[in-house]
Amino acid sequence: QVQLVESGGGLVQAGGSLRLSCAASGRTFSTYSMGWFRQAPGKEREFVAVINWSGGSTSYADSVKGRFAISRVNAKNTVYLQMNSLKPEDTAVYYCAAGGFGERTYEYQYWGQGTQVTVSS
C-alpha cells in the first residue's frame, strides 16, 4: 500500500514557476515508478511526466518538455515536479501516482487527491 499527498499548487502568473511535491507513505515507495498527471475542467486526465524507481529514467509529455522536470528523493519518500515557464494551458489539477513506468493512467495503482495549479495570463 502506498498513500500519496500532493502539495505546492497555487496561483501563479504566466511565465512563473512552481514546484509540486508528492509525499508518499509506505516502506516500498522506492520500488515504484512515480508519475504526474493533470486534468483540466472538461478534459481527460493526461500524462505529464514519470520517473522510474531509481530516478535514472524520466519521460515527459511533449507539451511540457523543456519546461518541467520530475525528480525524486527516495530517502524522503517524495517526488517533485518543477514547473517553469508556466502557461495558462497548464492550469489543471495535478495528481501524482505510483505504479509501473508508463504514460497511461491504468499503469498506476495509487493516486493522490490532487493539487490545483492555476496560471493566469
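Bear in mind the structure is a predicted one, so any value in this text is a computation, not a measurement.

A. Highlighting the environment of Asn52. Of note, Asn52 is situated in the loop between strand E5 (46-51) and strand E6 (58-60). Separated by 34 residues in sequence, Asn52 and Leu86 have C-alpha atoms that sit 24 Å apart. For Asn52, the contacting residues outside a window of four places in its chain are Tyr32, Ser33, Ser57, Arg72 and Phe101.

B. Expanded view of the packing of aromatic side chains. Enumeration over the complete set of coordinates arrives at five aromatic pairs. Pairing Phe37 with Phe47 gives two aromatic rings, centres 5.7 Å apart and planes at 75°, and the pair type is edge-to-face. Placement of the pair is Phe37 in strand E4 (residues 33-39) and Phe47 in strand E5, with a sequence separation of 10 residues. You'll find Phe37 and Phe47 in the same group, each marked buried. Members of the aromatic cluster, each reached through a chain of ring pairs, are Phe37, Phe47, Tyr108 and Trp111. Taking NZ or CZ as reference, Arg45 lies 3.8 Å from the ring centre of Tyr95, over its face. If you follow Arg45 out to its NZ or CZ, it ends over the ring of Trp111, 4.9 Å from the centre.

C. Unusual backbone geometry, seen in detail. In this model, Asn77 sits at a positive phi of 55°, which is unusual for a non-glycine residue. Its location among the elements puts Asn77 in the loop between strand E7 (68-73) and strand E8 (78-83). Judged by its relative accessible area of 25%, Asn77 is partly exposed. Despite not being glycine, Ser85 has its phi angle at roughly 50°, a positive value.

D. The arrangement of the nonpolar core in detail. Formed by 36 residues in total, the largest nonpolar core has its most connected members in Leu4, Met34, Trp36, Leu81, Met83 and Tyr94. If you list the elements that add at least two residues to this core, you get strand E3 (18-25), E4, E5, E7, E8, strand E9 (92-99), strand E10 (108-111) and strand E11 (115-120). The residues contacting Leu81, other than those within four sequence positions of it, are Leu18, Arg19, Leu20, Trp36, Val48, Ala49, Phe68, Ala69, Ile70 and Tyr94.

Rules and cut-offs
- Residues numbered from 1 in each chain as written.
- Predicted model: local features only at pLDDT ≥ 70, side-chain atom pairs only at ≥ 80, totals over all residues.
- Heavy atoms only, no water.
- Helix = DSSP H or I, 4+ residues; strand = E, 2+ residues; numbered from the N terminus.
- Contact = heavy atoms within 4.5 Å.
- Phe/Tyr/Trp six-rings, centres within 6.5 Å; stacked < 30°, edge-to-face > 60°.
- Buried < 20%, exposed > 50% of the residue type's maximum accessible area, 1.4 Å probe, protein only.
- Lys NZ or Arg CZ within 6 Å of the ring centre and 35° of its normal.
- Core = buried A, V, L, I, M, F, W, Y, C linked by side-chain atoms within 4.5 Å.

Fair warning: the whole summary comes from geometry, so function is off the table for now.
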